[in-house]
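Each chain, letter by letter, is given below.
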Amino acid sequence: MCAPTTDPAVTEPIFHLALAADWDAAVQHGAYRISTRGLSLDQVGFIHAARAEQVQGVAERFYADVTEPMVLLAIDRYELVRRGIAVIDEPAVADNPNSERFPHIYGELPIDAVTSSERYAPGQ
């Protein structure tokens, strides 16, 4: 068992934009396995996530043309780490270590590690 921490890098929630249909399916199955729009965890190797201040930029860059309902998942990063699911902040551009860093979840996302799921529209 992990000792309690107050490190903001571990205790601050992280976020993931999901198509509502993908999230609804995950709730039925008990875990979410979509990495990013149209790609699975198995295809990419991790689930893309973002810190609060990165969500709008991600939505504008990758989801601006989405017409399907979307949800913003708030994820308890500490709970993932406690369960042994690695969450690593990595550069957005693999060959540029100075690029903006995003949290990546290396494993499936248990639905009970999601603290909220709210409808989201790009530009919100």
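Quick note: structure is the one above.
Residues numbered from 1 in each chain as written. Predicted model: local features only at pLDDT ≥ 70, side-chain atom pairs only at ≥ 80, totals over all residues. Heavy atoms only, no water.

## Considerations on the sheet that holds strand S10 (residues 114-120)
Part 1 of the argument: One open sheet holds the 3 strands; their spatial order is S1-S6-S10, and the pairing between them is antiparallel. Edge positions in the open sheet fall to strand S1 (14-19) and S10, since each of these has one partner strand only. The mean inter-strand angle of the sheet, taken between neighbouring strand axes irrespective of direction, is 25°.
Part 2 of the argument: Relative to S10, strand S6 (residues 70-75) is paired through 6 bridges, and the arrangement is antiparallel. Residue valine 71 lies in a different strand from S10, and its bridge partner there is arginine 119.
Part 3 of the argument: Sitting on the sheet, helix H2 (residues 20-29) touches S1, S6 and S10, and the angle it makes with S1 is about 105°. (Pairing = 2+ DSSP bridges. Helix = DSSP H or I, 4+ residues; strand = E, 2+ residues; numbered from the N terminus. Axes fitted to C-alpha atoms, helices over the stretch in contact; angles between N-to-C directions. Contact = heavy atoms within 4.5 Å.)

## Side note on the side chain of glutamate 79
Part 1 of the argument: Within the secondary structure layout, glutamate 79 lies in helix H5 (residues 77-82).
Part 2 of the argument: Relative accessible area serves as the criterion here: at 15%, glutamate 79 is assigned to the buried category.
Part 3 of the argument: Among the polar contacts made by the side chain of glutamate 79, one reaches the side chain of arginine 83 at a distance of 2.7 Å. (Buried < 20%, exposed > 50% of the residue type's maximum accessible area, 1.4 Å probe, protein only. Polar contact = N/O pair within 3.5 Å; in protein donor to acceptor, adjacent residues only side chain to side chain.)

## What to know about the packing of aromatic side chains
Part 1 of the argument: Taken as a whole and judged by the stated rule, the model has 2 aromatic pairs.
Part 2 of the argument: Taking the centre distance of 6.1 Å and the plane angle of 50° together, the rings of tryptophan 23 and tyrosine 32 count as tilted.
Part 3 of the argument: Residue classification places tryptophan 23 among the buried residues on the basis of a relative accessible area of 9%.
Part 4 of the argument: Residue classification places tyrosine 32 among the buried positions, given a relative accessible area of 1%.
Part 5 of the argument: An angle of 45° between the planes, with centres 5.4 Å apart, marks the rings of phenylalanine 46 and tyrosine 106 as tilted. Of this pair, phenylalanine 46 sits in the loop between helix H3 (41-44) and strand S5 (47-48) while tyrosine 106 sits in strand S8 (residues 101-106), placing them 60 residues apart in sequence.
Part 6 of the argument: For phenylalanine 46, a relative accessible area of 13% translates into the label buried.
Part 7 of the argument: For tyrosine 106, a relative accessible area of 33% puts it in the partly exposed group. (Phe/Tyr/Trp six-rings, centres within 6.5 Å; stacked < 30°, edge-to-face > 60°.)

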